[in-house]
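Examination of the molecular architecture
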Amino acid sequence: MESKRPLINRNEEEDIELATKRTTAYNASPECKSESENIHSIKQSTRPQRRPSLFHRKATLILTNIVAVSLITIISIIIWVVFIKKAETTINTTIATTDASTTRNAMVTTSTTTTTSTMLTASTTTAILTTSTTTTTTTMLTTSTTTTMVTTSPTKTSMTTMSTTKITMLTTSATETTLLTTSTAETTMITTLTSKTAMDTTPTAKTTVLTASATETTMFTTLTNSHITTMNEPKLNKWKQNGITVAGGNGEGEELNQLKHPTEIFIDKNKNMFIADYSNHRIVEWKYNATEGQIIAGGNGQGNRTDQSNEPTDVIVDQQNHSIIIADSENRRVIQWFNQTQQILIRNIDCWGLAIDKHGFLYVSDWKKNEVRRWKMGEYNKEGIVVAGGNGEGHQLNQLSAPDFILVDEDQSVYVTDRYNQRVMRWRKDAKEGKIVAGGNGKGANLNQLFEPAGVTADDLGQIYVVDWGNHRIMRWREGKEEGELVVGGNGKGNQSNQLNSPCGLSFDDERNLYVADRGNNRIQKFEIIL
């Protein structure tokens, strides 16, 4: 009978026994591990290391690239933001202020590289980088940034700037530049890309254009609602407050060096004065720097003869035919004197003020009918055309109350001192009603009031000058203002050099010196302009 083969031979049994003993001894040590742990550890140590696949390597590379590109993009964006902000502050938004009448501004910018921008203007008003008054595009190259300026009108500039990498930065809506120029000085600015132009803006904006020249130009602007506006406030003339007596002033009388209640004055281009010497019933011509006058009309006593006058209130000189026209108030007629010969132009009119326009029309105020009429000179046989008032006495805008002196501007608008309504009215040509341009707030001495206004005139800025008869002062009213400004007088009724006494008429000479018919003091006062 065949014996079975033992599963473990003797030698193997001895080896197992020996191994068992060793294992027991090893396990008795505190540092030993369990058999299962040892076996697991052996398996781990003998397990072959598997290499990463191609897919994982590509994924890792792509992820690394994405991270690098993201960092570069973030850094680029930060650099561009800083660059754009710097570029916005380096745009010269206001170039120059120019004359609103006859002057112009020109600015020539030359590049040290390959681009040259020339700014020209053919207009007498303000133009910036324009060759026409419509839309013109001029390109200026500044280092690495190209700035394009698009002018859509002579007074508005829209700026579009773009970098050399075709990134466009629009500043049309946020930085719209409006140039309002009223200065009278001609300004020419020539800079290069190597000069430095600094612009300080109020309240907080500061713009600097860096270029290569050593010159530095500073301009002050006003920042309003994202519009940069450059303007010069119209210069307001001022006069010395102490007047100089240039006619009369020797007491009330009828001598040639005296006057009696002078009412109105007219000054020609040679500074000769023509004075309506009311209570002496005459017109006196007072030559420049003369010490006495000479009678050129009336002066033969009070009366209605052809060689007489009766309380004349106004006089104007028709320099085309070298004659004078007189409002002969108490004789209710308008007369013309030419070579000592009198001619009656208009009869039966309660006249007070006179004016002539450049179109050859004569204007006369009728204080009883509360109207102003106009006649074509030489056609006085007609009734004339009503150009102001004519709707009865009243305080409505289409009415007047005792109109006195008048002024006519180049547009044939009529200014009337509406005495008992305490206001000055302006009636535009063919208008049905007037507009209050001075006073109209009742009788009083406040700056927004008048006290029976008398003479009226205007300067070349369209500002109205009014004789405030009852307040013994001369006032100036600017368009749109609610109150006037004191010009001279206003120091109470008196005969000192800084005082007036019931002034009536006023006029300017060609140097803008102011003349006032100081009726109560029987003199003509000259107030010199402060240059």
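Residues numbered from 1 in each chain as written. Predicted model: local features only at pLDDT ≥ 70, side-chain atom pairs only at ≥ 80, totals over all residues. Heavy atoms only, no water.

Quick word on the UniProt feature "transmembrane region" (unreviewed entry) in the chain
How we decide: UniProt positions are given in the numbering used here, feature names are shortened, and annotations may be inferred rather than shown by experiment. Helix and strand labels come from DSSP, where a helix needs a run of H or I of at least four residues and a strand needs a run of E of at least two; each type is numbered from the N terminus.
Following the UniProt record, one finds the feature "transmembrane region" (unreviewed entry) at residues 59-83. Helix makes up 100% of residues 59-83 and strand makes up 0%, while its end C-alpha atoms are separated by 35 Å.

Overview of the pairing of strand 32 (residues 473-477)
Condition: Partly exposed describes any residue whose relative accessible area lies between the buried limit of under 20% and the exposed limit of over 50%, with all areas from a 1.4 Å probe on protein chains only and scaled to the type maximum. For two strands to be treated as a pair, DSSP must find at least two bridges joining them.
Taking burial as the measure, the 5 residues of strand 32 include 5 buried ones, the bulk of the element. Here strand 32 shows no split at all, with Arg473, Met475 and Trp477 on one side and Ile474 and Arg476 on the other all buried. Between strand 31 (residues 464-468) and the antiparallel strand that follows it, strand 32, lie 4 residues; His472 among them carries a positive phi value of about 55 degrees.

Section: the packing of aromatic side chains
Spelled out, the test is: Any Phe, Tyr or Trp ring, taking Trp's six-membered ring, that has another such ring centre within 6.5 Å forms a pair; planes under 30 degrees apart are called stacked, those over 60 apart edge-to-face, and the others tilted. Over a ring means this: the NZ of a Lys or the CZ of an Arg is within 6 Å of the ring centre and within 35 degrees of the ring normal.
According to the stated counting rule, one finds 5 aromatic pairs in the structure shown. Judged by centre distance (5.8 Å) and plane angle (85 degrees), the ring pair of Trp239 and Tyr465 falls under edge-to-face. Of this pair, Trp239 sits in the loop between strand 12 (227-230) and strand 13 (244-248) while Tyr465 is found in strand 31, placing the two residues 226 residues apart along the sequence. Accessibility assignment for this pair places Trp239 and Tyr465 in one class, buried. For the ring pair Trp352 and Phe405, a centre distance of 6.3 Å and an interplane angle of 75 degrees mean the geometry is edge-to-face. Note that Trp352 is positioned in strand 22 (residues 351-356) and Phe405 in strand 26 (residues 403-408), a separation of 53 residues in sequence. Judged by its relative accessible area of 17%, Trp352 falls in the buried class. Connected via pairs of aromatic rings, a cluster forms that spans Trp239, Tyr465 and Phe508. A cation over a ring is seen here: Arg419 above Trp469, with NZ or CZ 5.7 Å from the ring centre. Its guanidinium or amino end placed over the ring of Tyr278, Arg519 lies 4.6 Å from that ring's centre, counting from NZ or CZ.

Brief notes about the sheet that holds strand 15 (residues 273-277)
Our working definition: Only the contacting stretch of a helix is used when fitting its axis, a line to C-alpha atoms as for every element, and angles between N-to-C directions run 0 to 180 degrees.
An order of 14-15-16-17 is seen for the 4 strands of this open sheet, with the pairing classed as antiparallel. In the strand order of this sheet, the two ends are held by strand 14 (262-267) and strand 17 (294-298), each with one partner. Averaged over all pairs of adjacent strands, the angle between strand axes in this sheet comes to 25 degrees, irrespective of strand direction. Where strand 15 lies against strand 16 (residues 282-286), 5 bridges are found, and the strand directions are antiparallel. Bridging from a neighbouring strand, Ala276 pairs with Ile283 of strand 16.

Topic: unusual backbone geometry
Note: most peptide bonds trans; most residues except glycine with negative phi. With a phi angle near 55 degrees, His281 is a residue other than glycine that sits in the positive phi range. Here His281 lies in the loop between strand 15 and strand 16. A relative accessible area of 10% means that His281 is categorised as buried. At Asn348, a position not held by glycine, the phi torsion is positive, near 55 degrees.

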